[in-house]
Amino acid sequence: MQKDLNIDTAKPIFALPASVVLKRFNVDPTKGLSSRQAAQRVETYGLNILAQGSGLNPLVMLIRQFSDLMIIVLLVAAIVAGVIGEALDSAAILIIVILNGIVGFVQEYRAERALEALQQLSAPHVQVLRQRRRHQIEEADLVPGDIVLLEAGNIVPADMRVIQTTDLTIDEASLTGESMAVVKRAKARLAVDAPLGDRVTMAHKGTHVTSGRALCVAVATGENSELGKIAQLMRAGERPQTPLQKRLAAFGRRLSVAVLVICAIIFLFGLARGEEPVLMLLTAVSLAVAAIPEALPAVVTIALALGAKRMADRNALVRRLPAVETLGSVTVICCDKTGTLTQNIMRAERFMTADHETEQLQTVDQADRSWRHLVRAMALNTDVGVDAGERAQGEPTELAIHKAAHAADAHVSRYEKQWRRVGDIPFDADRRRMATLHAGKKGGLVVVKGAPEVVLPLCKDRQTSSGRRRLNAQTVLASAEDAARLGYRILAFAERALDKLPKLAKAEDIECDLTFLGLVALADPPRPEVNAALAACVDAGIDVVMITGDHPATARAIATDLGFAGDAVMTGAELAALTPQERSQAAEYTNVYARVTPSQKLDIIEALRGHGNYVAMTGDGVNDAPALKQADIGIAMGQKGTDVAREAADIVLLDDNFATIVSAVREGRRIYDNIRKFISYTMTSNAGEIWTILLAPFLGLPLPLLPIQILWINLVTDGLPGLALAVEPEEPDVMSRPPRAPEESVFSHGAWQHMVWVGLLIGALSLGALMWAHQNGSGNWQTLVFTVLTFSQLVHVLAMRSERESLFAIDFFGNLPLLGAVVLSVGLQAAIVYWPPAQTVFRTTGLAYEELIVALVLPWVVLIACEIEKWLVRQGLIYRPAARQ
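From a predicted model like this one, the values you see are computed outputs, not experimental measurements.

Chemist: A description of the overall build of the protein should follow, citing residues and the corresponding values.
Modeler: A count of helical and extended segments in the protein gives 33 helices and 26 strands. Out of the 885 residues in the protein, the part that is buried amounts to 55%. For the protein, the accessible surface area stands at approximately 38200 Å², while carbon and sulfur atoms represent 57% of it. When the 87 basic and 94 acidic side-chain charges of the protein are each reduced to a single mean position, those positions are 8 Å apart.

Chemist: Pulling in residues and values, what's your account of the packing of aromatic side chains?
Modeler: For the structure on display, the rule yields three aromatic pairs. Considering the side-chain rings of Phe269 and Phe698, the 4.9 Å spacing of their centres and the 40 degrees angle between planes classify their relative orientation as tilted. Here Phe269 is found in helix 8 (residues 243-272), whereas its partner Phe698 is found in helix 25 (residues 658-698), with 429 residues between them in sequence. For Phe269, a relative accessible area of 29% gives the class partly exposed.

Chemist: How would you explain the nonpolar core if you had to name every residue and give the values?
Modeler: In globular proteins that are soluble, nonpolar side chains generally tend to be buried together. Ranked by size, the top nonpolar core spans 72 residues in total, and within it Leu705 and Trp712 carry the most contacts. Looking at which element gives the most residues to this core, the answer is helix 29 (residues 781-799), with 12 residues. With sequence-adjacent residues up to four places away left out, Leu705 is seen in contact with Thr283, Ile693, Ile710, Ile713, Gln782, Val785, Phe786 and Leu789.

Chemist: Describe empty space enclosed by the protein, listing the residues and the values that go with them.
Modeler: Taken as a whole and judged by the stated rule, the model has four cavities of 30 Å³ or more. Estimates place the volume of the largest cavity at around 90 Å³. In terms of lining, the largest cavity is formed by 13 residues, of which the most central are Val299, Val300, Ala303, Ile675 and Phe678. Elements supplying a minimum of two residues to the lining of the largest cavity: helix 10 (296-313), helix 25 and helix 27 (720-724). At five residues, the largest contribution of residues to the lining of the largest cavity is made by helix 10. Broken down by class, the residue content of the lining of the largest cavity amounts to 11 nonpolar, two polar and no charged.

Chemist: Quick one: what's the story with the side chain of Ser685, residue by residue and with numbers?
Modeler: Mapping Ser685 onto the fold places it in helix 25. With relative accessibility at 0%, the residue Ser685 sits in the buried group. Among the polar contacts made by the side chain of Ser685, one reaches the side chain of Gln793 at a distance of 3.4 Å. Among residues more than four places away in sequence, those in contact with Ser685 are Asp718 and Gln793.

Chemist: Would you mind going over the pairing of strand 20 (residues 514-523) in detail, with residue names and values included?
Modeler: Among the 10 residues that make up strand 20, 10 are buried, leaving the element largely enclosed by the rest of the structure. Pairing of strand 10 (residues 347-352) with strand 20 involves five bridges; the strand directions are antiparallel. Counterpart to Arg350 in the pairing with strand 20 is Ala521. Bridge count for strand 17 (residues 459-464) against strand 20 is three bridges, and the pairing is parallel. In the sheet register, Cys459 faces strand 20, and the bridge partner there is Leu514.

Chemist: Any chance you could break down the pattern of salt bridges for me, citing the residues and the numbers?
Modeler: Applying the stated criterion to the full structure yields 38 salt bridges. Its salt-bridge partner being Lys449, residue Glu398 comes within 3.0 Å of it at the nearest N-O pair. Residue Glu398 is located in helix 13 (residues 396-408), and its partner Lys449 is located in strand 16 (residues 443-450); the two are separated by 51 residues in the primary sequence. You'll find Glu398 and Lys449 in the same group, each marked buried.

Chemist: Go over the environment of Leu287 with me, naming the residues and quoting the values.
Modeler: Inspection of the secondary structure assignment puts Leu287 in helix 9 (residues 277-291). Spatially, the C-alpha atom of Leu287 lies 9.1 Å from that of Leu260, the residues being 27 residues apart in sequence. If we ignore the near neighbours within four places in the chain, the residues touching Leu287 are Cys263, Ile266, Glu689, Ile690, Ile693 and Ile710.

Chemist: Tell me about the environment of Gln418, residues and numbers included.
Modeler: Position of Gln418 relative to the elements: it lies in helix 14 (residues 413-418). When the C-alpha positions of Gln418 and His438 are compared, they lie 9.0 Å apart, and in sequence the two are 20 residues distant. Ignoring sequence-local partners within four residues, the contact set of Gln418 consists of Ala439 and Gly440.

Chemist: Explain the packing of helix 21 (residues 580-587) against helix 22 (residues 598-609) to me, and be specific about the residues and the numbers.
Modeler: One can describe the packing of helix 21 onto helix 22 by two numbers: an axis separation of 8 Å at closest approach and a directional angle of 70 degrees. If you check the angle between helix 21 and helix 22, you find them roughly perpendicular. In this structure, helix 21 uses Arg583, Ser584 and Ala587 to contact helix 22, whose residues at the interface are Asp603, Ala607 and Leu608. Taken together, the residues of the contact of helix 21 with helix 22 sort by class into three nonpolar, one polar and two charged.

Chemist: Describe unusual backbone geometry, naming the residues involved and giving the relevant values.
Modeler: Outside of glycine, negative phi angles account for most residues, and trans bonds account for most peptide bonds. With phi around 70 degrees, Arg132 is a residue other than glycine that occupies positive phi space. Of note, Arg132 is situated in the loop between strand 1 (125-130) and strand 2 (133-138). Positive phi, close to 55 degrees, is recorded for Asp513, a residue that is not glycine. Relative to the assigned elements, Asp513 resides in the loop between helix 17 (507-510) and strand 20.

Chemist: How would you sum up the pairing of strand 17? Please name residues and give values.
Modeler: Where strand 17 meets strand 18 (residues 467-470), four bridges bridge the pair, whose relative direction is antiparallel. Paired with Thr464 across the strands is Gly467, a residue of strand 18. Hairpin connection from strand 17 to strand 18: two residues lie between these consecutive antiparallel strands.

Chemist: Pulling in residues and values, what's your account of the sheet that holds strand 8 (residues 316-318)?
Modeler: Strand order in the open sheet made by the eight strands is 8-26-25-24-9-21-23-22, with mixed pairing throughout. Only two strands of the sheet have a single partner each, and these edge strands are strand 8 and strand 22 (569-571). Looking at each pair of strands side by side, their axes are set apart by 20 degrees on average, direction ignored. Each of strand 9 (332-336), strand 21 (543-547), strand 23 (592-594) and strand 24 (615-619) is contacted by helix 22, which is oriented at about 165 degrees to strand 24, the strand it contacts most.

Chemist: Hey, could you go over helix 2 (residues 35-45) for me, with residue numbers and the actual values?
Modeler: By the burial criterion, the buried members of helix 2 are Ala38, Arg41 and Tyr45. Viewed end-on, helix 2 has its buried residues packed into an arc of 65 degrees, placing them on one side of the element. Seen from the buried face of helix 2, the exposed residues on the opposite side, beyond 90 degrees, are Arg36 and Glu43. Lining the buried residues of helix 2 we find strand 1.

Scoring rules and cut-offs
Residues numbered from 1 in each chain as written. Predicted model: local features only at pLDDT ≥ 70, side-chain atom pairs only at ≥ 80, totals over all residues. Heavy atoms only, no water. Helix = DSSP H or I, 4+ residues; strand = E, 2+ residues; numbered from the N terminus. Buried < 20%, exposed > 50% of the residue type's maximum accessible area, 1.4 Å probe, protein only. Areas by Shrake-Rupley, 256 points an atom, 1.4 Å probe, with all protein chains shown as cover. Lys, Arg positive; Asp, Glu negative; His and termini not counted. Charge placed at Lys NZ, Arg CZ, Asp CG, Glu CD. Phe/Tyr/Trp six-rings, centres within 6.5 Å; stacked < 30°, edge-to-face > 60°. Core = buried A, V, L, I, M, F, W, Y, C linked by side-chain atoms within 4.5 Å. Contact = heavy atoms within 4.5 Å. 1 Å grid on protein atoms, 1.4 Å probe; cavity = no way out; pocket = protein on both sides within 12 Å on 5 of 7 lines; lining within 4 Å. Points joined across faces, edges and corners; volume = space filled by probe spheres on them. Nonpolar A, V, L, I, M, F, W, Y, C, P; charged D, E, K, R; others polar. Polar contact = N/O pair within 3.5 Å; in protein donor to acceptor, adjacent residues only side chain to side chain. Pairing = 2+ DSSP bridges. Salt bridge = Lys/Arg side-chain N within 4 Å of Asp/Glu carboxyl O. Axes fitted to C-alpha atoms, helices over the stretch in contact; angles between N-to-C directions. Parallel < 35°, antiparallel > 145°, perpendicular 65-115°, else oblique. Arc of directions from axis to C-beta.

Here you go:
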């Protein structure tokens with residue numbers, strides 16, 4: 001249990017000065033906690049987590065396997081049979097039911113564990129100050145007294161008292177319901193009874209930082225936070241089903257009614273023929289248990305969860321399970337350029353002042369005033385920290401600027417001492433610039449960096465070797481354009497000297513009357529694997545749209561290098577000038593958007609959707625969250641992305657790589673294909689059993705199977721072999737077919753026709769074997785039909801490994817779990833037929849030589865028929881897919 005931090009406190013934390021709060025938690029904001037203090041506080045206050053719901057409860061899972069109505073009826077009927085003298089049959093049925101329940105339990109348990117593992121992978125991290133160094137720790141390890149660094153895009157990890165703030169605003173809608181972001185103030189004086197929404201000195205767990213940055217001290221973690229106090233409203237309940245699971249559950253309910261009607265007919269027909277009532281009841285109920293597909297949604301969960309785990313191993317972390325099944329429907333991928341299509345390894349390669357240009361900044365004369373001012377600006381206007389290993393930490397662009405400045409002047413750190421940073425206005429996608437405010441011995445200094453077309457209008461003159469001169473902004477912009485055409489990302493630097501420091505660093509006060517210093521060109525080469533990934537998208541019928549905040553010329557150069565089709569580049573300004581109808585028309589031919597703001601991504605999504613597209617959108621910033629939510633599949637960057645973006649996304653790329661998106665689409669298509677195969681196989685098997693038992697009386701044949709034999713077939717054929725289909729490798733054409741329509745039924749493209757006619761074929765083969773044996777006076781007729789039905793289903797699962805390709809055209813040993821399951825099932829069936837103890841339990845008799853040949857040969861008719869069906873499919877003669885609208 002956690003210790004309440006407000007015990008014996010005269011005033012609540014939010015009403016106390018920051019200095020008093022720091023003393024109470026015995027922490028220096030410049031040093032942070034020591035490792036020993038942090039470990040002790042974990043012991044004292046516990047982990048920073050909210051209690052979850054019941055979650056993974058193995059006992060409940062096991063009991064749930066036997067809660068189905070038909071299972072209960074079967075158990076009661078088996079007990080009745082035991083009481084009236086059929087003790088062996090009763091015991092055998094009970095054992096088979098228990099085995100079925102254990103198999104179902106293992107399947108569900110594995111799925112839950114896989115989902116739990118995914119949640120652990122997505123555990124958020126926090127930037128804290130410990131022992132004077134920045135550390136990134138898991139949110140759960142945060143303790144009261146930790147000094148936390150908050151910035152735009154973070155989700156607040158605990159209740160915290162703000163110590164220092166730079167334009168910090170927080171969206172507290174998740175806690176207070178207030179839609180407007182709240183401005184936080186470290187020195188505000190609050191009444192002790194200030195309501196939650198008015199506590200501007202506090203940052204509360206679970207809220208979102210929308211802008212600015214702050215230094216805070218954690219004061220309440222886990223259940224002691226305000227969010228923890230209302231955590232019962234957030235307890236994890238039943239996990240929501242995916243759209244496919246819902247459709248299958250509804251289908252299963254309808255099919256269950258039909259199966260129950262058929263079973264009732266079989267029961268009544270058996271009674272009319274003079275069969276024993278208990279035997280017919282057990283037969284009807286056993287068939288219902290075997291044929292009703294109540295496990296289909298659970299099996300889908302297993303396939304999706306295990307598939308999601310495999311995707312996580314490939315750097316695509318699935319946060320919402322429905323995304324796995326819908327990946328195959330994606331027709332357009334809208335992706336950022338920097339770090340996704342490119343390597344995100346920035347290098348400052350060209351430097352331009354008003355008088356000079358060079359590719360090696362360290363070779364310039366630092367006595368030259370223009371170079372000295374540019375290097376100083378590069379050193380001062382960077383957000384780079386140092387980790388515990390003395391390594392520089394920060395965004396790639398910031399690190400590149402920092403590295404170039406230090407390479408140019410070994411003593412560049414003197415600038416940081418001479419000009420102490422006292423404030424800043426952070427970069428965001430709308431402003432496209434960043435300003436820092438510095439205090440010196442004689443006044444202050446403002447340094448601004450950003451996009452040239454944004455910074456230059458704020459400048460009144462330029463710095464030259466001989467002093468300040470008139471600025472020709474158009475000439476500078478032309479130079480920036482020339483560099484951008486070569487694929488460079490261009491940043492402009494400017495400064496302004498101040499006689500005295502302003503009380504607040506407001507953009508309108510300090511970002512004006514600037515002196516232009518120079519341009520820095522940064523190179524971020526394309527990822528080498530992206531070309532192949534783009535080619536795979538073309539083959540798969542997926543369009544790729546590049547969206548970037550960079551200069552249009554830079555975007556065009558990168559697009560050309562990557563081989564994007566066409567040469568249409570639209571800027572954010574051009575997009576804003578269009579009507580919705582014009583945007584829709586432009587979306588048909590535009591595949592590169594430059595200088596686009598995050599809010600305009602919503603317009604692009606709307607325009608693409610207007611043409612019937614299924615859109616995947618990438619994003620990394622706070623302002624990207626609406627677009628990630630609106631897209632059919634939102635994809636956040638795991639490395640450069642903010643907490644808010646990751647929270648809004650369906651998938652998180654752990655390596656920020658475009659090729660990983662394509663791999664995720666490929667994996668999503670494979671998973672959906674395998675779910676289809678499992679459903680087709682299971683439903684076909686059930687249909688074969690129903691046809692066999694239903695049609696036998698009408699053909700004047702005896703009851704083909706005993707209840708325990710029906711349950712056994714269900715166990716050995718629907719169990720391991722069926723589940724092994726979930727790990728079947730991808731089809732050869734998985735990325736050369738068009739995307740699947742989102743509303744497409746899992747029974748489309750010939751699946752339901754396959755279930756009907758192959759089910760009939762299996763039933764016909766089983767009944768044919770029964771007629772042959774019965775007419776020849778064999779006493780093994782029931783064992784023969786039992787074995788033919790079992791083997792026919794095992795042959796069918798081999799045929800189902802591919803819906804189009806011949807079994808002999810794919811890698812036969814490509815799915816070893818499936819082959820192992822089939823061999824094991826054949827061995828178990830042989831034991832039941834020939835092992836005396838098993839013969840007693842299952843009422844079987846050893847098959848004669850010629851009967852064994854029939855049992856081994858006849859099922860392969862199913863494979864031959866399926867191969868003919870696949871050939872017809874490949875020729876385009878049957879099951880043609882409908883054209884996508």
